[in-house]
Amino acid sequence: MSSIRTRLAVAAAAALALAAPFALTNADAATAPAAASLTAAEALAVVQANMTTANKVNTKPHINTMTRAQNVNVYQVKPGVYAYTSGMAIDTDGSDPDPDPDHQGETTWEDSNGNALGAHHVPFYVLGDDCWDRTSPCPHFFYRERSMSGRQFALMFYNGKVIGSIFGDTQTANSQTTSDNDSRELGEASVKAAQLLGIPSSGTTGGVDNGVTVVMFSGSSWVVNGTNSTLNDNAQALVQKALDSLGTGGGTPGSTLFEAESGTLSTGGTFDSNHAGFTGTGFANPANAAGAYAEIPVTVSAAGTKTLTFRYSDGTTAARPATISVNGTSRGTLNFPITANWDTWSTASISVPLTAGANTIRVTGTTAVGAANIDSVTVS
Ligand code: GCU
């Protein structure tokens, strides 16, 4: 169990020869080398683009362990992949043979030899050990409902870096509403995880209040085996595979696909799935009116001129021109020519300036029939 609030100062013990973290910096997706793999920045952009209300899995917010704010949510960003962003409090548990005067000897989960995990050796993250609400399904994210168990792999992103980590310890209790050890908390990780991410790792004065994104991969194939001396290496060895699995599957490396159904529509529009060939869970069908629009949030790691490629269909006999605006500023009109029918999808592209981070793309029909059906937009 964690003990972050009652801890005493931790003197960092002699460093072991452990794998270096993936110290990848924010690369511009458009200029990233065309390798068959995703950079940390590209993978994080995919994760963030999918941290949408529609993908939220908890119905009550979690508590940020550092700030105590009840504002942390968990999102299913891919099938079986769950992400949250919170702070990081430092867990020193199981730190033998680096005795911290305050640490507890036991972590909830053990290494493959049955030893408690060492917080100074193994990068691990902490989750609640029960459903605080004691109802099922749990209104909070509860690992047991999500095909997760001890040593479940996660990527942790912070400040341009990404590391591999494992589920190592839990927040106990279900009724300590005013304490600092509440199973609704999210945002604690081991000394080693903090060190690898460049976060101050002292059990008493370390940690960071916000900005750590943890992406958890469920299922038995993502359980990491090993001992206290090999688990760090074994977790880091999975980082690139995990980053790549966040890609859009068949997408061009260096580009990122955003589904229209992650966005919003003006009045009268609907998200439909009645025409075959869409990607994701459906497509946007904007209302049949001039000025009706579909809005799609996209995230890029760096500012720059990007190509937006819309995948759309127009099964009528006339093109459906639409104005493309970015963050409220019109960037031109795209024609969206007809397709053979509503099950046939084509693409239309336009170059626009994007800002680093979140951007809102709006497709506004200029004629009385409104815009075409929009499946997705790819940023490259
Ligand atoms: C049809 C089609 C819709 C489309 C609409 C339109 O109803 O099934 O998917 O959006 O036409 O003309 O916009």
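Structure first, text after, so check above.
### Some remarks on the overall build of the protein chain
Then, in step 1: Scanning the protein chain for helices and strands turns up 4 helices and 20 strands.
Then, in step 2: Burial analysis of the protein chain (380 residues in total) assigns 54% to the buried set.
Then, in step 3: Just so you have it, the protein chain exposes about 14700 Å², and 51% of that area is on carbon and sulfur atoms.

### Topic: the environment of N274
Then, in step 1: Counting through the fold element by element, N274 comes out in the loop between β12 (270-272) and β13 (283-285).
Then, in step 2: As for N274 and W342, which are separated by 68 residues in sequence, their C-alpha atoms are 9.3 Å apart.

### A short note on the state of the cysteines
Then, in step 1: Considering all chains together, one arrives at 1 disulfide under this definition.
Then, in step 2: At a sulfur-sulfur separation of 2.2 Å, the disulfide partner of C131 is C138. Negative torsions about the S-S bond denote left-handed disulfides, and the value of about 90 degrees found for C131 with C138 makes this one right-handed. The burial state of C131 is the same as that of C138; both residues are buried.

### Observations concerning the nonpolar core
Generally speaking, nonpolar side chains in soluble globular proteins are found buried as a group.
Then, in step 1: Grouped together as the largest cluster of nonpolar side chains are 64 residues, with contacts concentrated most on M88, L127, F153, L155, M156, V215 and M216.
Then, in step 2: Discounting residues that sit within four places of it in the chain, M156 has contacts with M88, Y125, K161, V162, I163, S165, A189, A193, L197, V212, T213 and V214.

### Focus on the sheet that holds strand β16 (residues 322-326)
Then, in step 1: Pairing in this open sheet of 5 strands is antiparallel, and the strands run β11-β14-β19-β16-β17 from one edge to the other. In this open sheet, the two strands that pair with only one neighbour each are β11 (264-265) and β17 (329-334).
Then, in step 2: In this structure, β16 lies alongside strand β19 (residues 357-365), joined through 5 bridges in antiparallel fashion. Its bridge partner lying in β19, I324 is registered against V363.

### Focus: the site of the ligand
Then, in step 1: Taken together, H275, N285, N288, R320, W342 and N373 make up the full set of residues near the ligand.
Then, in step 2: Note that an oxygen atom of the ligand is positioned 2.7 Å from one of the side-chain N or O atoms of H275.
Then, in step 3: Here an oxygen atom of the ligand and a side-chain polar atom of N285 are 2.8 Å apart.
Then, in step 4: Here the ligand, which alone exposes 310 Å², has 72% of that area covered by the protein.

### Examining the pattern of salt bridges
Then, in step 1: Under the defined criterion, the tally for this structure stands at 7 salt bridges.
Then, in step 2: We note a salt bridge from R320 to D314, for which the minimum N-O separation is 3.8 Å.
Then, in step 3: Residue classification places R320 among the buried positions, given a relative accessible area of 7%.
Then, in step 4: Under the relative-accessibility criterion, D314 is labelled buried at 0%.

About the cut-offs
Residues numbered from 1 in each chain as written. Predicted model: local features only at pLDDT ≥ 70, side-chain atom pairs only at ≥ 80, totals over all residues. Heavy atoms only, no water. Helix = DSSP H or I, 4+ residues; strand = E, 2+ residues; numbered from the N terminus. Buried < 20%, exposed > 50% of the residue type's maximum accessible area, 1.4 Å probe, protein only. Areas by Shrake-Rupley, 256 points an atom, 1.4 Å probe, with all protein chains shown as cover. Disulfide = S-S within 2.5 Å. Core = buried A, V, L, I, M, F, W, Y, C linked by side-chain atoms within 4.5 Å. Contact = heavy atoms within 4.5 Å. Pairing = 2+ DSSP bridges. Near = heavy atom within 4 Å. Polar contact = N/O pair within 3.5 Å; in protein donor to acceptor, adjacent residues only side chain to side chain. Salt bridge = Lys/Arg side-chain N within 4 Å of Asp/Glu carboxyl O.

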